Amino acid sequence: MFYTSFEPLSGEAKFKLGEEPPRVNAKHFLRHARLLPVLAGFFCLSAAALAPASEADEFKRHLWFLSSDELKGRGNDQPEIDQAADYIADWFRRYGLAPGGDNATYFHEFEARTAVELGPGTSLSIGLPDVQAQLNLGSDFIPLFSGPSPVSASLAFAGFGVSAPEIGYDDYAGLDVKGKIVAVFQHEPEEQIAGSRFAGLAYSPWSTLTYKAMNARIHGAVGLLVLPDPHCDRERTWKQDVQVEALGIPVVKLSEEWGRRLLRAGPVKYADLARAAKNVALQPFDMPAVKVSIGVEAIERYRVLRNVVGVLPGTRDEYVVIGAHYDHLGLGERKALAPENVGQIHNGADDNASGTAGMLSLAAQLSGSSEVVGPAAVDSSRGLVRNTGRLTPANQEPGLVFIAFAGEELGLLGSSAFVSRPSIPLGKIRAMVNLDMIGRSDGTVYIGGVGTATEFREWLDGLKGQTPLTLNYADTPQAPSDHLAFAGEKIPVLFFFSGLHPDYHQPSDDREKIDQFRALDILDLVEAVTRRLVQPHQPVHFVETDSSSALLGASFGSPVFGVVSEPSWEADGVLVTGVKASSPAFAAGLRRGDIIVGCDGEAVMDRLDLVEQLKQPDAGIATSHPLLVLRGEEILTVMLSAN
Ligand SMILES: [Zn+2]
Ligand SMILES: [Zn+2]
């Protein structure tokens, strides 16, 4: 998954931050008595090499390789991701799957922006009346947005950088900033005042950095310095991994120390400014004696990434997709939850070597490539009655398509690329099953998307008595992972997930912590569901669930609102990359290129925020949402109404 923070999920199932998985107890261990030879093999490699392959062998083999240090965390910007793709394709071939990608290969290619690096032109120098200083990148300032640079100009201070005529507030009133560099405080006025005009204790759209940058640009500024809020004692967790986006002017954030030094050169005492910032008494002022030079140079790197697609044909031209993303965070350059972890290998054993290994071992199992484990070999307490290994397609049975997705951690890029340029026609996909993080179950498996087909709940209920796992359903597709791209195309989805834990997106997400037994329990369940899904003449009827969650995906829109958004946009706000024809978004006049920074008067920091705001209590009731939208040289309010 690609949460950047532990935002609470709403809905039926709250995926909680899990505890350390309990150690395997004796009872659990005995249930998996059939796995004992595997464990023995683990301690004696030569014996393992001779043993016949079982599903458990396959799972461990793939988990171990994909989460090894050799693959350096499978970062999308690193060559090791290609090594992982080649490995998966090689096993698809060994399992007898047919190539399902481009030009009769296993690979479905797409281009993605995999990195944004700061160029040598990134710099900040400040000339105060008494000193000329070259500031240090990282400790004194961090770049937020790129734009034509370097720019050199004198400074002007514009409060919080907010112009909100609708509430009679303007930090730029009486201040001419044309051709100047502007300094503004982060956050917003009255933020500790319940019921304030600025969304009360919540943050308003005017607190977003994207808004402040755009507003400065609209006023003619050539650069922007963001200074730490002087009175903030409840620091909002600003993204630690802000990626530099182009926004027309270079924007940097200053350290607190430099913020103070800068303002001391102005006409108002810093302490008075800080006091004034608590309410709305801040007055803007010019600082002609302060000269600033800013450069923010962003170098974008694009790369061809590969989804790996293998097909087990059926006897009917229809398919069930089993998917898992195989990319992870590499050395943590992007999206690591803690900046101090950058440079360490993020092995991503649970996220998502576990799901990829699971998908591969299902391919082995269902293609008949792994040892057939008949009912006689199964411990009776183990629950699920297993079929024989190979899925032998009966008359009119759909086939299976196994897909390992790349680019998921960058925002579902691989699955989005697949649905926008499918190598299997989307109309022929009966359902999609996604495995993302199945290795840390505490005895529960979360299943998202149960409400996306009328049949799913009944099937799963029917399996409850046969699995040792507790099934925790959510009707909506829930968490942001590759199944969302398919749900957005009105394909029924099921998402299997064993829960969040403290190692999520940390270098400590290691294979030693994977509970293989429970992962195999989950795979048994997935296999049973898959066998059900491929039954001939099995109707699977798509149901629209939480339409707003489709906003989380990439090249697909929300069927209700019709907003198509950019998943890899890293700055505050949501970048609109498309608007569906005759949708409410179209009717509201939203356009490609718009940046949504507010909804219902509250700040929209990312797509999760927007989805939360757009969630409707009842799909039948028409609701309207005022959006604060940044467009070119305009900031406007757009009314988005459902139905
Ligand atoms: Zn994941
Ligand atoms: Zn992830």
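Right above here is the structure, for reference.
Cut-offs used in this document
Residues numbered from 1 in each chain as written. Chains lettered and ligands numbered in written order. Predicted model: local features only at pLDDT ≥ 70, side-chain atom pairs only at ≥ 80, totals over all residues. Heavy atoms only, no water. Helix = DSSP H or I, 4+ residues; strand = E, 2+ residues; numbered from the N terminus. Buried < 20%, exposed > 50% of the residue type's maximum accessible area, 1.4 Å probe, protein only. Pairing = 2+ DSSP bridges. Axes fitted to C-alpha atoms, helices over the stretch in contact; angles between N-to-C directions. Left-handed = near helix turned anticlockwise from the far one by under 90°. Contact = heavy atoms within 4.5 Å. Nonpolar A, V, L, I, M, F, W, Y, C, P; charged D, E, K, R; others polar. Polar contact = N/O pair within 3.5 Å; in protein donor to acceptor, adjacent residues only side chain to side chain. Salt bridge = Lys/Arg side-chain N within 4 Å of Asp/Glu carboxyl O.

Asks: I tried to follow unusual backbone geometry on my own but got confused; where do I start?
Replies: The phi angle of most residues is negative, glycine excepted, and most peptide bonds adopt the trans form. With an omega of 5°, the peptide bond running from S149 to P150 counts as cis. Along the chain, P150 falls in the loop between β5 (141-146) and β6 (151-157). The amide bond that connects D351 to the next residue, N352, takes the cis arrangement and shows omega of -5°. One can find N352 in helix α9 (residues 349-366). Despite not being glycine, A104 has its phi angle at roughly 60°, a positive value. Relative to the helices and strands, A104 is located in the loop between β1 (98-99) and β2 (107-118). Among the residues examined, A104 registers a relative accessible area of 64% and is labelled exposed.

Asks: Can you walk me through the pairing of strand β26 (residues 634-641) in this structure?
Replies: Each regular strand carries side chains that alternate between the two faces of the sheet. Here strand β25 (residues 624-631) runs beside β26; their pairing, made up of 8 bridges, is antiparallel. Looking across to β26, one finds that L630 is bridged to I635.

Asks: Where do I start with the packing of helix α4 (residues 55-66) against helix α13 (residues 516-533) in this structure?
Replies: The relative placement of two packed helices is expressed as an angle between their axes plus a distance between the axes. Direction vectors running N to C along α4 and α13 enclose 115°, while the axes themselves pass 11 Å from each other. Between α4 and α13 lies a crossing whose hand is right-handed. Where α4 abuts α13, its residues E55, A56, F59, K60, L63 and W64 lie against Q516, A519, L520, L523, D524 and E527. Taken together, the residues of the contact of α4 with α13 sort by class into 7 nonpolar, 1 polar and 4 charged.

Asks: Help me out: how do you make sense of the side chain of E58 in this one?
Replies: Here E58 lies in helix α4. Since its relative accessible area comes to 2%, E58 is described here as buried. At a separation of 2.9 Å, a polar atom in the side chain of E58 contacts the side chain of R61. Within the local environment of E58, its side chain forms a polar contact with the side chain of Y95, the two groups lying 2.2 Å apart.

Asks: Looking at this structure, how should I read the pattern of salt bridges?
Replies: Opposite charge on two side chains permits pairing when their charged atoms draw close. Evaluation of the coordinates by the stated rule reveals 27 salt bridges. Residue K72 is joined to E80 by a salt bridge in which the shortest nitrogen-to-oxygen separation is 3.3 Å. With its nearest N and O atoms 3.0 Å apart, the salt bridge here joins D90 to R94. Residue D90 and its partner R94 are located together in helix α5 (residues 80-94), separated by 4 residues, close to a single helical turn. Judged by relative accessible area, D90 falls into the partly exposed class, the value being 24%.

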